[in-house]
Structure formats: C-alpha cells, structure tokens
Amino acid sequence: MNWETVIGLEVHVQLATKTKIFSGASTAFGAAPNTQACAIDLAMPGTLPVVNQQAIDYAIMFGLAIDAEISKTSVFERKNYFYPDLPKGYQTTQLEKPIVGRGTVAVQLADGSSQSVRIHHAHLEEDAGKSLHEGNFRHGMSGIDLNRAGTPLIEIVSEPDMRNSQEAVAFAKKLHSIVTSLGICDGEMSQGSMRFDVNISVRPQGTTELGTRTETKNLNSFKFMEEAIHLEVERQIDLIEDGGTVLQETRLYNGETRTARSMRSKEEANDYRYFPCPDLLPVVLSDQRIETLRSNLPELPDARQARFIEQYQLSPYDANILGADTSMAGYFEQATAKSGNAKLTANWVTGELSARLNADNLSPDNSPVSAEQLAALIVRIADSTISGKMAKEVFEGIWAGEGDADQIIEARGLKQVSDSGALEAMVDEVLAANQSMVEDYINTDPDKRKKKLGGFMGQIMKASKGQANPQQVSQILAQKLSEML
Amino acid sequence: MSIERQAIENLATLARIAIDDNRIKEISQQLGSVLDLVDQLQAADTSGLDNVANPTQESQRLREDKVSETDQREAFQAIAPDTEGGLFLVPKVID
Amino acid sequence: MHNLTIAELVEGLKNKAFSSTEVTQYLLTRIKSLDTEFNAIITVTEAEALKAAQAADQRLAQGDAPALCGVPLVHKDIFCTHGVRTSCGSKMLDNFIPPYNATVIENFQHSGAVMLGKSNMDEFAMGSSNETSFYGPVKNPWSTDCVPGGSSGGSAAAVAARLAPGATATDTGGSIRQPAALCGVTGLKPTYGRVSRWGMIAFASSLDQGGPMARTAEDCALLLNCMASYDSKDSTSVDRSTPDYSAHLNASLKGLRIGVPKEYFSEGLDPDTEQAVRAALTHYENQGAQLIEISLPNTALSVPAYYVIAPAEASANLSRFDGVRYGYRCDNPQDLQDLYCRTRAEGFGEEVQRRILIGTYCLSAGYYDAYYGKAQQVRQLIKQDFVNAFEKVDLIMGPTCPSPAFKFGSKGNDPVAMYLEDIYTISTNLAGLPGMSVPCGVVEGKPVGLQIIGNYFDEARMLNAAHQYQQVTDWHKLAPEGIQ
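Residues numbered from 1 in each chain as written. Chains lettered and ligands numbered in written order. Predicted model: local features only at pLDDT ≥ 70, side-chain atom pairs only at ≥ 80, totals over all residues. Heavy atoms only, no water.

### Quick word on the sheet that holds strand 7 (residues 114-126) of chain A
Within a sheet, each strand pairs with its neighbour through backbone hydrogen bonds, oriented either parallel or antiparallel. All names here are of chain A. How we decide: Should DSSP find at least two bridges between two strands, the strands are regarded as paired. Every helix listed is a DSSP run of H or I at least four residues long, and every strand listed is a run of E at least two residues long, numbered separately from the N terminus. Axes here refer to lines fitted to C-alpha atoms; in helices the fit is confined to the stretch in contact. Angles between the N-to-C directions go from 0 to 180 degrees. Any two residues whose heavy atoms approach within 4.5 Å at even a single point are treated as in contact.
Ordered by their spatial adjacency, 8 strands build an open sheet running 6-7-10-1-11-12-13-14, and the pairing between neighbours is mixed. Where the open sheet ends on each side, the last strands, each with one partner, are strand 6 (103-108) and strand 14 (259-262). Here the strands of the sheet are splayed against their neighbours by 30° on average, with no regard to which way each runs. Here 6 bridges tie strand 6 to strand 7, and the two strands are oriented antiparallel to one another. Its bridge partner lying in strand 7, Ala-106 is registered against Ser-116. In the packing of helix 3 (residues 222-241) onto the sheet, contacts are made with strand 1 (3-14), strand 11 (194-204), strand 12 (214-219), strand 13 (250-254) and strand 14, and the angle to strand 11 comes to roughly 25°.

### Let's talk about the interface of chain C and chain B
Note the cut-off: A 1.4 Å probe defines the accessible area here, and the buried area is the portion of it lost by two parts on being joined, summed over both. Basic side-chain nitrogens of Lys or Arg form a salt bridge, by our definition, when they fall within 4 Å of a carboxyl oxygen of Asp or Glu. Two N or O atoms count as a polar contact when they lie within 3.5 Å, although within protein this holds only if one can serve as hydrogen donor and the other as acceptor, and sequence-adjacent residues are included solely when both atoms are side-chain atoms. Residue classes follow a fixed rule: Ala, Val, Leu, Ile, Met, Phe, Trp, Tyr, Cys and Pro count as nonpolar, while Asp, Glu, Lys and Arg count as charged, and any other residue, Gly among them, counts as polar.
With 68 residues of chain C at the interface, the matching set in chain B holds 51 residues. Broken down residue by residue, the surface that chain C buries against chain B is led by Leu357(C), Tyr361(C) and Lys374(C), which jointly contribute 12%. Inspection of the region where chain C meets chain B yields 1 salt bridge. Arg329(C) is paired through a salt bridge with Asp82(B); the nearest N and O atoms lie 3.9 Å apart. Counting across the interface, chain C meets chain B through 20 residue pairs in polar contact (both at pLDDT 80 or more). Residue assignment for the side of chain C that touches chain B shows that the elements contributing at least two residues are helix 9 (302-317), helix 10 (336-347), helix 11 (350-363), helix 12 (369-389), helix 13 (415-419) and helix 14 (426-431) of chain C. Among the elements that take part in the side of chain C that touches chain B, helix 12 of chain C stands out by supplying 13 residues, more than any other. For the side of chain C that touches chain B, the per-class residue count stands at 38 nonpolar, 16 polar and 14 charged.

### Side note on the packing of aromatic side chains
The condition is simple: Classification of ring pairs uses Phe, Tyr and Trp, with its six-membered ring standing for Trp, and accepts pairs whose centres are within 6.5 Å; under 30 degrees between planes counts as stacked, over 60 as edge-to-face, and the remaining range as tilted. When accessible area is computed with a 1.4 Å probe and restricted to protein chains, residues below 20% of their type maximum are described as buried, those above 50% as exposed, and intermediate ones as partly exposed. Working rule: Lys NZ or Arg CZ, within 6 Å of ring centre, within 35 degrees of ring normal, means a charge sits over the ring.
For the structure shown, the criterion picks out 27 aromatic pairs over all chains. Ring geometry for Phe321(C) against Phe348(C): centres 6.3 Å apart, planes inclined by 90°, an arrangement best described as edge-to-face. Placement of Phe321(C) in the loop between helix 9 and helix 10 and of Phe348(C) in the loop between helix 10 and helix 11 is noted, with a sequence separation of 27 residues between them. Across the pair, Phe348(C) and Phe321(C) agree in class, each one buried. Members of the aromatic cluster, joined through ring pairs, are Phe96(C), Phe124(C), Phe321(C), Tyr326(C) and Phe348(C). Between the NZ or CZ atom of Arg356(A) and the centre of the ring of Trp399(A), over which it lies, the distance is 4.3 Å.

### Quick word on the packing of helix 2 (residues 20-38) of chain C against helix 3 (residues 46-62) of chain C
Residues and elements named next belong to chain C. For clarity, the threshold we go by: Roughly parallel refers to an angle under 35 degrees, roughly antiparallel to one over 145, roughly perpendicular to one between 65 and 115, and oblique to any angle outside these ranges. Each helix crossing is assigned a hand: it is left-handed if the near helix lies turned anticlockwise from the far helix by less than a right angle, otherwise right-handed if that turn is clockwise.
Here helix 2 crosses helix 3 at 160°, and the two axes come no closer than 8 Å. Of the possible angle classes, the one that applies to helix 2 and helix 3 is roughly antiparallel. Crossing geometry of helix 2 relative to helix 3 is assigned as right-handed. Of helix 3, the residues touching helix 2 (which contributes Ser-20, Thr-21, Thr-24, Gln-25, Leu-28 and Lys-32) are Glu-46, Ala-49, Leu-50, Ala-53, Gln-54, Ala-56 and Asp-57. Considering only residue class, the contact of helix 2 with helix 3 consists of 5 nonpolar, 5 polar and 3 charged.

### Overview of the domain arrangement of chain A
Quite often, the size of an interface is put as the accessible area lost when its parts meet. So the rule is basically this: Here the limits of each domain have been adopted from an automatic or database domain assignment.
Once the domains are mapped, chain A shows domain 1 (3-289), domain 2 (299-411) and domain 3 (420-484). Each of domain 2 of chain A and domain 3 of chain A has a C-alpha centre, and these two points are 34 Å apart.

### Observations concerning the pairing of strand 9 (residues 141-145) of chain A
Residues and elements named next belong to chain A. Taking burial as the measure, the 5 residues of strand 9 include 5 buried ones, the bulk of the element. Where burial is concerned, the two faces of strand 9 agree: the one with Met-141, Gly-143 and Asp-145 and the one with Ser-142 and Ile-144 are both buried. Across 3 bridges, the pairing between strand 8 (residues 130-132) and strand 9 is antiparallel. When the bridges of strand 9 are listed, Leu-132 appears paired with Gly-143.

This is how it looks when you write it as structure tokens:
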C-alpha cells in the first residue's frame with residue numbers, strides 16, 4: 001500500500017527580549033545556574049507577574065508578518081501540571097484567546113515550487129526551566145536550573161498541511177527566516193531559541209481521514225527534525241503493515257543515537273485544568289499600537305528576495321538563499337556596495353563564505369572576513385589582479401587574520417600576470433620547448449584540436465607558477481597556434 | 001452527591017496530595033456535601049453572560065523591557081530544602 | 001496605655017507624652033503575659049520592634065516623623081516580612097523566612113510604624129473560625145470557648161485584647177469583616193485593587209484584598225491612608241491616587257441614602273443580631289440618613305459561586321508549595337512523585353487539602369463549564385445586583401454575620417455549615433466592592449457587627465458613616481471582660 005504522511009508543527013520561538021515575560025530578570029543565555037531566576041521566576045509566595053511590553057509587541061509583529069488576525073483582547077491562562085522545572089505548578093500561557101489568530105506562511109521548496117502552510121494560531125507563554133540529570137551533584141538526583149523559567153515564547157501552531165520532511169523543514173526554515181528578519185528571535189537553534197514539536201500521522205494514499213498522530217517533542221535542529229520525521233514515518237508504516245496500531249503518544253528523539261522513544265511520564269492522562277489567570281488582566285490592544293507596529297515592520301524575507309532579483313539581477317536561487325537570512329542579506333548588500341559586482345559577490349557569499357561560516361558554526365555577523373574585506377577581494381578578482389583559484393588562497397589568508405586582500409596578495413606574491421608582452425613571451429617559450437606537442441596539434445583533426453589546448457595551458461600555468469591570467473593566456477595561445485597552421 | 005473512590009484518587013493524583021485509604025470515605029462525603037452546595041448554581045439563568053475572571057474593569061498594564069532584578073541566588077537558596085552547585089535538587093526526574 | 005487609639009498614640013508620640021519605645025515595650029510585655037491565653041500572635045518580633053521604636057523615637061525627636069511614626073501594629077502572617085518567618089498559618093511555611101517584603105509591609109515601614117509581631121490566621125486564610133491554623137486556634141477574647149472568626153482571627157483578637165491598637169488583615173470572603181464583627185473591632189476590606197497584593201500570600205487572587213483592623217473607624221482611616229497604594233508590581237492594583245481617608249470623617253450624614261437589602265434579613269439571621277443591626281440603622285436615620293429597602297436577588301448564589309471560584313484559584317495558587325525551592329519537604333522521598341505527594345499531604349492541613357481537591361474537581365475536564373464557567377457567570381449576576389443598587393443608594397448596610405461568635409468545634413464535620421457563616425460578606429468579594437464591619441451591639445455577652453458596603457473606591461464615604469456612628473455610640477469602646 002502507498003502511504004501519505006501528514007505533518008503539523010508546533011514551534012516554540014524564544015523572543016529576544018532583555019527580560020522575562022513576567023519579571024525583570026535577565027534572559028541572557030549562559031549565566032551560572034539560578035543567577036537569573038528572581039523571586040517571581042522562583043514562584044516565591046506572594047510574588048506576582050507583570051507583562052513585558054516587548055513580548056507583546058514581538059508577538060504582534062509575528063502576527064502581522066504572516067498576515068494573521070491580531071486579537072484586540074487576549075487572555076493569559078494557567079495550564080496546571082507538576083514538574084520540577086515549572087516553579088508555579090502551572091505554566092502561564094494562552095488558550096481560548098491567543099494574541100495571534102489564523103494566518104499563512106508561503107514556503108519555497110527546493111524544486112522551485114511554493115506551498116502555503118496555514119497557521120492555526122500563535123500564542124504567548126513562558127518557558128520552563130531546565131532539569132539536569134547529570135552534573136556536579138549527588139547521584140540519583142536531578143538539578144533544577146530556573147534561569148530559563150519565564151523566558152517569553154510564542155508557540156506557533158500550524159495546521160497539518162505538510163506531507164513530507166522536506167516540506168516540514170522548508171516551513172521550519174521559513175519561520176526561522178521570518179522571526180530572525182523581524183528581529184524578534186536570535187534564531188540560535190543550538191541554544192534552544194527555536195524548538196520544534198512535530199505531529200506525525202500516516203494514512204493510505206487517497207484517503208482523507210487523519211490517522212492517529214504522535215508528537216515528537218523538542219527537536220532543536222533542522223537536521224534532527226528531518227531525521228526524526230523519517231524515523232517516525234517508517235515506524236508508523238511498519239507498525240500498521242505488521243497489523244499493529246499507532247498509539248497517540250509523546251516521543252523523544254535522540255539526535256546522537258538517531259533513535260526515538262516514547263516518553264512514559266507523559267503517557268499518564270493529563271488534565272491541565274486551564275483557567276484564566278486571575279493575577280493578570282486581559283491584554284487589550286489599540287488599533288493605533290497595531291498600526292504603529294505594522295508601519296515599522298522590518299523588511300521580510302519574501303520582499304527582500306524580490307528586491308534582490310530586481311535590484312541586483314540575482315537569480316531566484318541566489319536571492320532565495322541571500323534573502324532568507326537577515327544577517328546574510330545585510331552582509332551581501334554591504335559587500336556589494338563596496339565591490340560594485342553583485343553577481344560575483346553573491347557567488348562568494350553563498351559559496352565560499354557560507355561554507356566556511358557553517359563549518360565553524362558562525363553567523364555572518366561575526367565572520368572573521370568582514371564584508372569590506374570580501375568586497376576588496378572581489379574587486380581584485382574582477383580587475384583580474386588575481387585568479388579565482390588565487391582568490392581562495394587569499395580568502396583563507398584573510399580568514400586567518402593575515403590582513404586585507406591587497407596585503408596578502410603582495411605578501412604572498414600572488415599577483416596575476418596580465419601584461420600581454422610578458423604572457424606572449426611565456427607562451428612562445430612553452431611552444432618552443434614543446435615542439436612535438438605543437439606538431440601533434442597541427443596534425444590533429446581540426447574538430448579535435450580544442451582538446452589539445454589543455455596540455456599547453458597546464459605547461460604555461462606551471463611555468464608562470466600559477467600567476468598567469470588564464471583567460472589571457474588562452475587567447476594568446478589560440479592566436480599563436482592558429483598562426484602556425 | 002457522593003464522589004467515587006476512583007474520582008477522589010484521580011483528584012489526589014492531579015493535586016499531588018497523598019491520601020490515606022482510610023480518609024477517602026470521609027473526603028468523599030465532604031466533597032459531596034460541597035458539590036451539593038455549588039450545584040445550586042445550575043439553577044441560575046446566566047444566558048448571554050461573559051465569563052470574566054477578575055472583578056476589575058481594567059486591562060493588563062505592560063512593563064518596560066528593562067532588567068530590574070539582580071542575582072540573589074544565595075539568599076533564595078539559603079531557604080531551599082536541598083541545593084548543590086547552585087541547583088535545586090530533587091529525586092531524579094524520569095521522562 | 002493599651003486603650004489608646006492610633007489617633008491618640010500619634011498625638012501622644014508627637015507631643016512627647018510618651019515615646020515609641022515605651023509604648024512598644026509596654027505592648028510587648030502585655031503580649032507576653034496575655035497572649036498565652038489567646039494565641040493571637042504566631043511570632044513576636046521583640047528585637048526588631050524595639051529597634052524600629054528607637055529609630056522612630058529619633059525621627060520624632062528630629063521632627064520629621066511620617067504619619068504613623070512609632071505606632072506599634074501587628075501584621076497578619078500572610079504578609080511577607082523580610083527576615084521574619086511568614087508562615088501563613090501552615091506547617092508548609094513553618095520554616096519560611098522571606099528575603100523580601102510585601103508592599104503593605106514596605107508602606108508601613110515608610111510611614112514609621114513598628115511591627116510587634118505576626119498574627120495567627122486560618123491556614124492559607126482558609127477558614128472562618130481560626131481553627132485551621134497549624135499554630136493552634138485563636139481564642140475570642142470576649143469568650144475564650146468561642147472562635148474569634150477567621151481567617152484574620154489573630155489580628156481581630158489582638159486588637160480586641162488590646163495587644164495592639166491596630167492590625168493588618170486580609171479578606172477573601174469575609175476574613176476581615178467576620179472576625180472584626182465577632183471580636184468587636186472595626187475592620188475594612190477595601191475595593192479590589194486598592195491595596196497591593198504583592199508579597200501577600202495568595203489564596204484566591206481575584207478575591208483577596210488586604211485591609212486594616214482597629215478599634216475605631218478613624219484609626220482604620222489612618223491605617224488605610226498608609227496601606228492603600230498603587231503598585232506597579234501587582235497587575236491588578238488600580239492606578240488611581242489615594243485620597244486622604246481621614247479628611248471626610250466628619251462630613252454630615254444628612255441625605256445619605258442607605259440601602260437595606262431584604263435578603264440580608266431573611267431566615268438564618270439570629271433575631272438578637274438582627275435587632276442590634278436594626279437599632280444601628282435607626283441611629284443613621286436619626287442622623288439624617290434615609291433608609292431604602294433594596295433587593296440583591298442573587299445573594300443566595302454567592303456562597304456556591306464563591307466555593308467554586310475560590311478553591312479553583314487556590315488549587316493553582318498552592319501548587320507552588322511542592323517542596324522544591326522553599327518551605328516544607330517530607331523526609332526521605334522515594335522518588336519525585338513521593339516528594340510531591342507526601343510534602344503536600346504532610347505540609348497542608350485538612351481544610352486546605354479539601355479546598356485544593358474541590359478546586360481541582362471544578363476545573364477538571366468535563367466539569368469546567370458546569371462549575372467554574374457557571375460560577376464566573378453568576379459572579380456577573382451578583383455584581384450587576386450591586387451596580388443596580390448603587391444607582392439608588394450611597395451605601396448598603398446589614399449584618400456582617402448571621403450570629404455572634406460560635407463555640408469551637410460547633411460547626412462539626414460538615415464544611416458547608418462553616419461556609420454559610422460568610423453568606424453576607426462573600427458577595428462583595430465576588431463583586432470587588434469595599435465592605436466594612438463596625439461593632440453595633442452585644443448579644444449573649446459577645447459582640448455583633450454592622451456591615452457597611454460601599455460603591456467602588458468609596459471607602460472615604462464608608463469611613464465617614466462608620467465614624468459618625470461611633471460619635472454617637474459606644475459599642476466600639478467596649479472591651480472584653482478582664483481586658484480593661
């Protein structure tokens with residue numbers, strides 16, 4: 001039987017506020033345990049929450065970016081359950097009246113097609129702390145760090161509109177692109193700034209009824225998400241084909257072992273007993289506030305991509321890659337402004353630079369090669385001072401902190417020889433020294449002569465220690481050989 | 001009204017309160033008596049009324065996103081039942 | 001000296017008739033000798049009190065003394081006090097020493113008041129008799145085999161026994177007014193949002209409100225001047241300037257329209273209590289006020305609505321007491337669930353456990369709409385009753401409680417009998433309105449109270465009416481036998 005996969009996502013996005021959603025404690029990442037957990041975050045008796053304006057604004061900005069309905073009145077509720085990283089014994093979240101209503105996200109797929117994923121709603125809530133199961137403490141215990149408790153989140157809930165892992169990952173990447181472009185999330189996946197819960201079910205191709213779904217929780221990279229979906233889809237299909245049934249359950253994916261398991265603790269029937277939080281009042285938004293935020297929205301990825309195609313004549317493929325990421329886009333535009341060559345700059349930013357940044361897990365904002373430095377390098381490629389091959393060497397030098405392009409070209413003597421007189425002499429020398437090759441060339445069938453040029457090129461480049469301008473050499477060589485015929 | 005043993009046990013689990021077997025009958029009667037009282041609500045005609053959770057007419061005030069809290073871990077953990085290395089300790093959490 | 005009112009103490013301290021240290025020392029000694037009997041105070045803060053009194057005396061000497069400088073008070077043990085154990089009447093918090101102050105406590109510190117100690121209360125403010133305290137019941141100074149009322153029974157008994165001239169208290173369903181009535185003192189629950197709830201340990205967040213208790217309305221005004229404030233740390237605190245509650249105490253009552261709800265004088269009201277309340281109403285008529293019979297038709301629904309909403313909110317508010325970060329933790333937990341379940345079974349008393357279970361039930365899947373949802377709608381009906389009434393009247397008056405103080409254990413094993421004690425006080429909490437209790441008679445040797453309900457933020461008018469009544473009556477001056 002052929003199976004169709006149905007996927008819906010719940011995406012937790014940590015908002016890039018300075019303080020918690022309900023307290024004035026810092027949200028900075030990486031502090032010593034419990035040094036950023038204030039009395040409110042610890043749920044000390046008698047403490048009360050007050051809502052962070054910035055968290056509200058960020059949620060609205062997300063809603064505006066996906067063209068969703070913004071609730072004029074939204075309500076915080078309490079979701080009751082006991083867990084050591086949940087100090088109040090309830091999570092303050094939104095249920096009946098979330099701040100962001102229905103919206104849609106346009107997703108570009110690798111094959112160039114596009115798809116629209118419906119957003120059911122997005123709500124504001126507080127993050128929980130962390131339970132550490134191993135560490136510098138007594139065996140048999142868990143250590144609780146509440147620094148993260150109270151960090152503002154928006155949870156974005158999609159409709160089950162995705163049909164395979166590529167679509168799910170493309171959607172997730174698009175959300176990443178939107179929230180980082182808005183500046184409402186730092187997008188640092190490795191720090192848990194975006195986490196994905198994936199709801200997966202399968203059904204016989206052609207049917208419309210949804211199968212029983214499982215929820216794989218807390219995936220914090222696109223790669224893990226893709227792997228976890230493959231694994232779960234395979235598991236469900238195997239299970240059904242072997243005569244079993246899929247149980248509705250919460251699953252946990254382990255990226256190291258590439259395995260998943262059911263979370264037993266979550267199997268216990270939960271009754272969260274939601275009710276409106278009496279310590280907080282309804283959040284009422286004025287039209288004016290919403291309009292102010294709308295008019296101040298930064299450029300969004302779709303608009304930026306269109307502009308790149310228009311303004312820089314980039315291919316849709318390059319525009320897509322460069323436009324998706326705000327810092328990448330900024331880097332590209334800064335470099336292009338200096339280099340004056342958009343196409344070449346785009347090639348370098350999407351190629352060499354991205355590869356090196358990815359390998360070292362760096363963002364363009366903290367690239368060792370600045371946009372100015374890359375632009376200076378590109379200028380030297382464009383004016384034929386260096387070849388593309390040399391440029392890679394120079395790039396490595398800049399990356400390693402050896403200086404700017406010109407300094408490295410100078411220091412390493414990498415200047416390309418473009419002086420026609422010098423190149424002609426070089427070509428003459430090689431031709432003179434390789435008479436048999438020349439004769440062979442002349443005797444070869446005219447249609448097949450082109451293939452023989454490579455041999456000469458190699459000799460000439462070798463003689464020039466790689467510094468001859470290859471385009472010029474190739475021209476001169478062709479010229480000289482034709483004269484010999 | 002009386003409440004079944006199973007229901008009391010479920011409530012106790014949700015509320016994380018250990019209840020001795022020998023108390024269940026009494027609790028069941030007392031909760032039943034309270035539920036008889038609150039069941040008087042069912043007679044009220046509340047059609048068209050909002051479910052408002054707070055008596056004030058105000059809306060939520062918003063706070064500026066400015067750090068106002070300093071590290072007070074030492075003071076907070078001085079009154080904690082069990083801590084080590086700055087962490088609050090509990091018996092191992094099993095997911 | 002123990003008979004001096006706060007107004008008199010302020011005057012005497014200013015005139016150097018006595019020092020704060022003298023008054024404080026005197027009352028500390030009095031607490032030591034008398035409170036073994038009443039059990040009104042859980043923690044006496046002798047050293048802190050004497051230090052604060054000395055500081056107050058210095059400021060008084062320098063002539064820059066704030067309003068309540070040097071005045072000794074007790075605070076209900078529900079208000080967090082930095083460095084002083086705040087138990088909320090529970091074993092759960094028997095070892096809890098907050099590293100912060102409640103806003104109310106801060107306000108009193110700024111106005112120079114001296115804290116004598118923390119007063120006893122029903123556990124987590126859940127009770128109407130002060131029998132549920134982990135620290136044992138408080139005895140009514142008028143009759144020690146009777147309850148003082150609750151949950152602020154310790155505060156009421158302390159003021160009645162002249163252990164302190166005034167006290168802070170809180171009221172979720174009548175917890176200021178009922179003990180004030182049963183102990184013969186004056187108490188005021190302000191409009192919801194008038195007094196900050198920051199640092200006041202929550203029972204039911206949408207109903208809880210702090211307020212003062214003292215022997216006179218004039219003193220309550222002085223205390224409320226300090227207690228009421230807008231607090232940006234409490235989202236439900238109302239951003240509204242605080243009037244001078246003492247300014248209008250002497251206004252004439254001519255033309256005052258007093259609503260008398262017929263539902264407050266129906267079956268269940270003790271006839272002698274009714275007579276005392278009617279007599280008080282006659283006094284108002286004599287002072288030029290007009291009595292208007294009104295109806296608050298949904299009064300009977302207030303108790304059932306309250307016993308859904310309050311336990312529902314409490315069931316969540318009390319989840320933080322889990323033995324992880326502060327407070328009680330059971331010995332040798334076998335695993336995490338054992339830690340939770342035994343900590344909460346051992347740390348909470350029976351009434352608290354019962355209310356958590358009721359609240360859990362009312363919010364659980366399948367019951368939410370029928371209980372919690374319905375109760376919140378009924379709350380709108382009750383509120384609307386008052387809105388309608390206040391179109392015709394300026395104040396509403398009636399009994400605070402159905403009868404005078406009852407004997408310990410007399411409400412038996414049925415929680416509902418106890419819950420009905422609050423029939424006249426609960427609806428103001430549901431509506432968020434201010435309410436007050438003023439001594440208006442003695443029945444079987446025990447005091448009874450007149451309840452005064454005002455419109456939103458109309459505390460000044462209530463205090464004016466109460467003060468004028470206390471100018472022509474002496475009920476508030478009566479002391480329990482043996483106390484004079």
